[in-house]
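Structural characterization, general
Take a look at the letters that make up each chain.
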Amino acid sequence: PLIFNIWCQRFRPDTVVPREGLALDQHGIGAVNNVTWSISFANKAAVGAAARFVKQVVQRYSARYPNTTLLWYACFDGYSETEFFPSDAMLGPGQFDYSTNAQTAFEEFLAKKYRTIEALSKAWAVSPPLRNFSAALPPHNSTGSGQREVDWSLLRELILGTAIRAIRDAIHGVKLPTNTGSQAPPRAAVQWGSVFDGAVRNRGVIDFPGLAA
């Protein structure tokens, strides 16, 4: 029996996922450990490319190895996990993803949640009040415990969950070959990393009732 871990990282911006589709830390750096890049879960084109790739892999290997595969899952970090890549000590306390995609998603999330800039400013205990939602920037590290940090964590959970559902739907959309003897769709899985070390906030999985669902 096999469990397929389908690795969706990049080694650099390329024609499949250009720079605007990749995650960046707060310093504008995209290469973790100076080697690998992760896609931005807030970028629909990048998530779509990952979903198409995963579907092609499932189609190919379910035909090549019928009746052997237990689970399929996609990973987006260097540890075979389905999550944000945590920051690296060499690069400082940068949280991935601070790309334009993620910051735009954060602004939209806050506008939908709080409706008025006055309500957001009160929740974040900001004085003087923020001028507008575009001035509501994400926190610069993962050590705070205020409402800004909570909202940032929840937004990251939401966009990660959207990416996971896209991958799941791609896997379930594969029709298994007739020689497998199964009518059920292929089984999709996720793997999350440690929930007891200091990287959980950066991984986007620290408070995940919605993500688990």
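Everything here concerns the structure above.
The present account deals with the structure reproduced in this document. (Residues numbered from 1 in each chain as written. Predicted model: local features only at pLDDT ≥ 70, side-chain atom pairs only at ≥ 80, totals over all residues. Heavy atoms only, no water.)

Summing up its helical and strand segments, the protein chain has six helices and four strands in all. Its helices and strands in sequence order give the protein chain the pattern β-β-β-α-β-α-α-α-α-α, from N to C terminus. Within the protein chain, the proportion of its 213 residues that are buried is 44%. Total accessible area on the protein chain stands at roughly 11,200 Å², and carbon and sulfur atoms take up 55% of it. (Helix = DSSP H or I, 4+ residues; strand = E, 2+ residues; numbered from the N terminus. Buried < 20%, exposed > 50% of the residue type's maximum accessible area, 1.4 Å probe, protein only. Areas by Shrake-Rupley, 256 points an atom, 1.4 Å probe, with all protein chains shown as cover.)

Attention shifts here to the side chain of Gln-9. Following the sequence through the fold, Gln-9 ends up in the loop between strand S1 (2–7) and strand S2 (31–32). A distance of 3.4 Å separates polar atoms of two side chains, one belonging to Gln-9 and the other to Thr-36. When sequence neighbours within four positions are dropped, the list of residues in contact with Gln-9 reads Thr-36, Trp-37, Ser-38, Cys-75, Phe-76, Asp-77, Gly-78 and Phe-85. (Polar contact = N/O pair within 3.5 Å; in protein donor to acceptor, adjacent residues only side chain to side chain. Contact = heavy atoms within 4.5 Å.)

Turning our attention to the nonpolar core. The tendency in soluble globular proteins is for nonpolar side chains to be buried as a group. Among the nonpolar cores identified, the biggest contains 46 residues, and Ile-39, Leu-110 and Leu-120 are the most heavily contacted of them. Secondary structure elements with two or more residues in this core: S1, helix H1 (44–64), strand S4 (69–75), helix H2 (100–114), helix H3 (117–123) and helix H4 (147–172). Looking at which element gives the most residues to this core, the answer is H4, with nine residues. Ignoring anything within four residues of it in the chain, the contact list for Leu-120 reads Leu-110, Tyr-114, Leu-130, Phe-133 and Ala-136. (Core = buried A, V, L, I, M, F, W, Y, C linked by side-chain atoms within 4.5 Å.)

A separate point is the packing of aromatic side chains. Applying the stated rule across the entire model yields nine aromatic pairs. When the centroid spacing of 5.6 Å and the interplanar angle of 65° are considered together, the rings of Trp-7 and Phe-11 count as edge-to-face. Under the relative-accessibility criterion, Trp-7 is labelled partly exposed at 36%. Of the residues examined, Phe-11 reaches a relative accessible area of 46% and is grouped as partly exposed. Arranged with centres 5.4 Å apart and planes meeting at 50°, the rings of Tyr-98 and Trp-152 form a pair that is tilted. (Phe/Tyr/Trp six-rings, centres within 6.5 Å; stacked < 30°, edge-to-face > 60°.)

Side-chain pairs of opposite charge can arise where the charged atoms are in close proximity. What the rule picks out here adds up to three salt bridges. The partner of Asp-151 in a salt bridge is Lys-113, with the nearest N and O atoms 2.6 Å apart. Here Asp-151, found in helix H4, pairs with Lys-113, found in helix H2; they are 38 residues apart in sequence, far enough to count as distant. Across the salt bridge formed by Asp-169 and Arg-168, the nearest N and O atoms sit 3.0 Å from each other. (Salt bridge = Lys/Arg side-chain N within 4 Å of Asp/Glu carboxyl O.)

Attention shifts here to the state of the cysteines. Evaluated as defined, the whole model comprises zero disulfides. The thiol of Cys-8 is unpaired, and the distance to the nearest cysteine sulfur, on Cys-75, comes to 6.7 Å. (Disulfide = S-S within 2.5 Å.)

Omega for the peptide link from Ser-127 to Pro-128 comes to 0°, which places this bond in the cis form. Tracing the backbone through its elements, the reader meets Pro-128 in the loop between H3 and H4. One non-glycine residue, Asn-67, adopts positive backbone phi at about 60°. Relative to the helices and strands, Asn-67 resides in the loop between H1 and S4. Despite not being glycine, Ala-125 shows a phi value in the positive range, around 55°. With respect to the helices and strands, the residue Ala-125 is situated in the loop between H3 and H4.

This part is about the packing of H1 against H4. Close contact between H1 and H4 brings their axes to 8 Å; oriented N to C, the two are set at 30°. With respect to H4, the axis of H1 lies roughly parallel. Where H1 crosses over H4, the two elements pack in a sense that is right-handed. Within the contact between the two elements, H1 uses Val-47, Ala-50, Ala-51, Val-54, Lys-55 and Val-58 and H4 uses Ala-163, Ala-166, Ile-167, Ala-170 and Ile-171. Partitioned by chemical class, the residues of the contact of H1 with H4 number ten nonpolar, no polar and one charged. (Axes fitted to C-alpha atoms, helices over the stretch in contact; angles between N-to-C directions. Parallel < 35°, antiparallel > 145°, perpendicular 65-115°, else oblique. Left-handed = near helix turned anticlockwise from the far one by under 90°. Nonpolar A, V, L, I, M, F, W, Y, C, P; charged D, E, K, R; others polar.)

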